[in-house]
Amino acid sequence: MKQGPRPSRKDFFNKYAFRPIKLKNALGVLELLKNAFELLFESSERRFLERFKNLLKRVKGVKGVKLERARAPAEELVKRGLLVKNGSASLLLFKEGKPAWVFRVEFEGRPTAEAVKLLRRFRELAQKALERIERDLLSALCFKTFRSGRLPMALLDGSLRLLRVNESFARLLGASPEELEGRSLNELAGKSVDAEGGRLELSYGKRKVLLEVSLTPITHEGSTYYSLLARDLSYELALERRVRRLSTYDPKTGALNREAFIEEAEKVISAEPDRYHALLVLDVRNFSEINRVYGPEAGDEVLKELLRRLRGQADGPVGRLGADEFGLFMPRTELPRLPLVINLLLEKLRRPVEVNGRRIPISLNAGAAVYPYDGRSARELLEKAFVALKRAKEEGENAYKFFSAKFQEEAERYVRVRSLLTEAFLKNELKLYYQPVYACPSGKVAGFEALLRIEHEGSVISPSEFIELLELSELALQVDLRNLSRLRSFFERLPRKVFLSMNVSPKSLQDSRFIEALKELPASFRKHLVLEITERTLAQNLRLLKEVLELLDGMGLRVFIDDFGTGYASFSYLDELPVKGLKVDRSFIRKLDRPRTRAVVKTVLSVGKELGMEVVAEGVEKKSQWEQLRSLGCDLVQGFYFAPPLPEKEAIKALRAS
């Protein structure tokens, strides 16, 4: 016959524990009470003792039971725990190894042997129950301490699965203990965790936390467990970052401090010891006057604005070296352009700073040193730059000096050229000359390249003297807009419509005003207009340039890459950009008689043909060069062998003659 489910201990206790029942013998009673005692193990000590007292009353022949605190029990009672005397019995219970409670049991007559045996068994069970209650109480207190403790703690099994997690640990991960229990520590760490713990970044949901975790192995009944104690490193790391920031950055401006600036500059030098680098020291000459006239708060704002401007122009570290001194490290410097770059940088820095509606004028001095000419370390360069700064201060405000005489001569030349360029623009001395471009093999004029010249005091100054300065200056856009207008007028006077090309500065190409001017041109002129960009322009911002070139292509304009092959561009650009033509640099044409150079030119011509591009060879100065290019299948040629850049009237004559 199939039996029903076995009753739980709680059901058993409720049904049988305190109700008179008939059993055949004392052993049956003992078994019943044993089960009842086991159910009482989860009780408090006092409650258990009261129930035990009631159970003793159920023993056959018992007249009454008293519960007392154990004060000075007899020696025999202490030894045995049970003393029967004169129709009564005393049961002694121990707590923490010391006498704690005594049950005085009164019998109606002399207790039988069976009753004494039963009492002895009761006492054994009761003592075990007390010990169990004590253990359970301690366990409960330990677990409560574990759960509510401030330190993040957990208990793990041998495979590092979380068995129990306290509130502090769960709170770190933004979860409840129940959500984390059962998960693997390896899962939370995203990697296999060492059995000793260590520094771990744990994540749960969107929460991440860095902890220092200590794992201690525990062996129990042949199985291994681990206790986990964690330390949240968030505050510590934040404090470290703050200390590091205070030791690295100037608190007022956020710039690197002197030592950190030197350290960062040294890293660049160590990483690229074979490149040229420059270190610039700038001094706000009128800073004390700014503080006196406008107030210290305005002075702070001036420093912050100068730092912002420096960072906007810098490719390397920027530091605050003193109260009114900044350092700028310029990595991977192109030495021929260095004086020009510094000139333009100082122009931008010298612009007035607006604070609370007031325009505060800025006056600067600067000193520069160049690696490796002036020093082999950042600290040495800084010392030399300060020496140069001192010389600049002696010349007055807004002056700058190089430590090396070599670079100082170049800087002074650029100052003269800049002055000349500005004067030429204002006096309309910037003129366009037109160099004919001839078709192969017919030899007829196919177009003109417009080239800029300065006509000053009866002499003509070639673009090699000023074009690089112009491209980086604020005049670039204005000059390109003016040239675009002149080119259109020249086109309208041509007896035969041929293409006209003009060089465009990177600044103009990325300026919406220049793009709008191109849009306003008649379509008949746009389809004959070629814009030439240098390889340096390609290297600046390919993503932006691609968008601009696609826009120009949609307007019917053609774009050629000038000076192709001089080091910046690559054939991969040709596949990405809507370029219509290439101009082989004159340096290749000059060495065309060399087999390797000839092979390079042949390759460029072949690539251009495959991509449907026109290829122009510039700088043709000899008949032999012309003949070789023609044999290689070059599309277009230009150079002094055919004609130099011509004034407008002579260019029109050359077109008529062609």
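That block above? That's the structure.
Just so it is clear, the structure is predicted and the values come from calculations on it, not from any experiment.

1. Let's talk about the overall build of the protein chain
Along its length, the protein chain carries 27 helices and 25 strands. Residue burial in the protein chain is summarised as follows: out of 658 residues, 48% are buried. By element, 48% of the accessible surface of the protein chain is carried by carbon and sulfur atoms, the whole surface being about 35,500 Å².

2. Points about the sheet that holds strand β16 (residues 400-402)
Pairing in this open sheet of 5 strands is mixed, and the strands run β11-β12-β10-β15-β16 from one edge to the other. Strands with a single pairing partner mark the edges of an open sheet, and in this sheet they are β11 (318-320) and β16. Averaged over all pairs of adjacent strands, the angle between their axes in this sheet comes to 15°, without regard to strand direction. Taken together, the 8 bridges between strand β10 (residues 277-284) and strand β15 (residues 364-371) define a ladder with antiparallel strand orientation. Of the residues in β15, the one forming a bridge with histidine 277 is tyrosine 371. Against the sheet, helix α10 (residues 258-271) engages β10, β11, β12 (325-330) and β15, with an angle of about 10° to β12.

3. Thoughts on the pattern of salt bridges
Enumeration over the complete set of coordinates arrives at 30 salt bridges. A salt bridge links lysine 267 to glutamate 264, with the nearest nitrogen and oxygen atoms 3.1 Å apart. Here glutamate 264 and lysine 267 lie together in helix α10, a separation of 3 residues that amounts to about one turn. Measuring nitrogen to oxygen at the nearest pair gives 3.0 Å for the salt bridge that ties lysine 583 to glutamate 532. On the criterion of sequence distance, the pair formed by lysine 583 in strand β23 (residues 581-584) and glutamate 532 in strand β21 (residues 529-534) is long-range, its members being 51 residues apart. The network of salt bridges with shared partners includes Glu449, Glu532, Lys583 and Glu618.

4. Quick look at the pairing of strand β17 (residues 430-439)
Judged by how many residues are buried, β17 sits mostly within the fold: 9 of 10 residues are covered. Of the pairings in the sheet, the one linking β17 to strand β18 (residues 445-456) comprises 9 bridges and is antiparallel in character. The partner of tyrosine 433 across the bridge, within β18, is leucine 451. Connecting β17 to the next strand, β18, in antiparallel fashion are 5 residues, including glycine 443 with a positive phi near 80°. Two strands pair when backbone bridges link them, and β17 and strand β25 (residues 636-638) are joined in this way by 2 bridges, in the antiparallel orientation. In the sheet register, alanine 439 faces β25, and the bridge partner there is leucine 636.

5. Let's talk about the packing of aromatic side chains
Inspection of the entire model under this criterion finds 8 aromatic pairs. Pairing tyrosine 276 with tyrosine 373 gives two aromatic rings, centres 5.9 Å apart and planes at 5°, and the pair type is stacked. Here the residue tyrosine 276 occupies a position in the loop between α10 and β10, and tyrosine 373 occupies one in the loop between β15 and α14 (378-395), the gap between them amounting to 97 residues. If you follow arginine 482 out to its NZ or CZ, it ends over the ring of phenylalanine 425, 4.1 Å from the centre. For the cation-ring pair, lysine 497 lies above phenylalanine 491, with the distance from its terminal atom to the ring centre recorded as 4.6 Å.

6. What about unusual backbone geometry?
Phi is mostly negative for residues that are not glycine, and the peptide bonds are mostly trans. Cis peptide bonds are those with omega within 30 degrees of zero, and the linkage from tyrosine 371 to proline 372 qualifies with 5°. The residue proline 372 is located in the loop between β15 and α14 in this model. Of note in this structure, leucine 160 is not a glycine but carries a positive phi near 65°. Note that leucine 160 resides in the loop between β5 (153-156) and β6 (162-165). Of the residues examined, leucine 160 reaches a relative accessible area of 8% and is grouped as buried.

7. Here we look at the nonpolar core
One recurring pattern in soluble globular proteins is that nonpolar side chains are buried together. Counting residues in hydrophobic clusters, the biggest one holds 79 residues, and the most contacted among them are Phe448, Leu518 and Leu552. Of the residues forming this core, the biggest block, 7 residues, is contributed by helix α17 (residues 475-492). Non-local contacts of leucine 552, meaning those with residues more than four positions away in its chain, are made with Leu509, Ile515, Leu518, Leu531, Leu557 and Val559. Ranked by size, the runner-up nonpolar core spans 34 residues in total, among them Leu303, Ile362, Leu364 and Tyr400.

8. Comments concerning the environment of glutamate 178
As for its position among the elements, glutamate 178 is in helix α7 (residues 177-180). For glutamate 178 and glutamate 167, which are 11 residues apart along the polypeptide, the C-alpha to C-alpha distance reads 9.8 Å.

9. Section: the packing of α10 against α14
Viewed as axis vectors pointing N to C, α10 and α14 meet at an angle of 120°, and their least axial separation amounts to 8 Å. Facing Arg258, Glu259, Phe261, Ile262, Ala265, Glu266 and Ile269 of α10, the residues of α14 in contact are Ala378, Arg379, Leu381, Leu382 and Phe386. Here the contact of α10 with α14 is composed, by residue class, of 8 nonpolar, no polar and 4 charged.

10. Some details on the sheet that holds strand β3 (residues 88-95)
Strands sit in the order β1-β4-β3-β2 across an open sheet of 4 strands; the sheet is antiparallel. The open sheet has two free edges, formed respectively by β1 (62-69) and β2 (82-85), since each of these has just one partner strand. The average angle at which neighbouring strand axes cross in this sheet is 20°, direction not considered. Examined bridge by bridge, β1 and strand β4 (residues 98-107) share 7 bridges and lie antiparallel to one another. Within the sheet, the bridge partner assigned to valine 62 lies in β4 and is phenylalanine 107. Packing against the sheet, helix α3 (residues 45-56) makes contact with β1, β3 and β4, and its axis sits at approximately 25° to β4.

11. Brief notes about the side chain of arginine 320
Assignment of secondary structure puts arginine 320 in strand β11. Looking at arginine 320, its side chain comes within polar contact range of the main-chain oxygen of glycine 322, at 3.1 Å. Within polar-contact distance, the side chain of arginine 320 engages the backbone oxygen of alanine 323 at 2.7 Å. Those residues in contact with arginine 320, other than ones at most four positions away along the chain, are Asp250, Lys252, Thr253, Ala255, Leu256, Asn257, Arg258, Leu303, Glu325 and Phe326.

12. Looking at helix α25 (residues 595-610)
Between the first and last C-alpha of α25 there are 22 Å, a value that for 16 residues agrees with the 22 Å anticipated at 1.5 Å per step. Looking at α25, one finds that the buried residues are Thr597, Val601, Val604, Leu605 and Gly608. The buried side chains of α25 occupy one side of the element, clustering within an arc of 95° when seen end-on. Pointing more than 90 degrees away from the buried face of α25 are the exposed residues Pro595, Arg596, Lys602, Lys609 and Glu610. Against the buried residues of α25 lie β22 (558-564), β23, α24 (586-590), β24 (614-618) and α26 (623-632). In the stretch just after α25, glycine 612 is the one whose phi turns positive, near 75°.

Definitions and cut-offs
- Residues numbered from 1 in each chain as written.
- Predicted model: local features only at pLDDT ≥ 70, side-chain atom pairs only at ≥ 80, totals over all residues.
- Heavy atoms only, no water.
- Helix = DSSP H or I, 4+ residues; strand = E, 2+ residues; numbered from the N terminus.
- Buried < 20%, exposed > 50% of the residue type's maximum accessible area, 1.4 Å probe, protein only.
- Areas by Shrake-Rupley, 256 points an atom, 1.4 Å probe, with all protein chains shown as cover.
- Pairing = 2+ DSSP bridges.
- Axes fitted to C-alpha atoms, helices over the stretch in contact; angles between N-to-C directions.
- Contact = heavy atoms within 4.5 Å.
- Salt bridge = Lys/Arg side-chain N within 4 Å of Asp/Glu carboxyl O.
- Phe/Tyr/Trp six-rings, centres within 6.5 Å; stacked < 30°, edge-to-face > 60°.
- Lys NZ or Arg CZ within 6 Å of the ring centre and 35° of its normal.
- Core = buried A, V, L, I, M, F, W, Y, C linked by side-chain atoms within 4.5 Å.
- Nonpolar A, V, L, I, M, F, W, Y, C, P; charged D, E, K, R; others polar.
- Polar contact = N/O pair within 3.5 Å; in protein donor to acceptor, adjacent residues only side chain to side chain.
- Expected span 1.5 Å × (residues − 1).
- Arc of directions from axis to C-beta.

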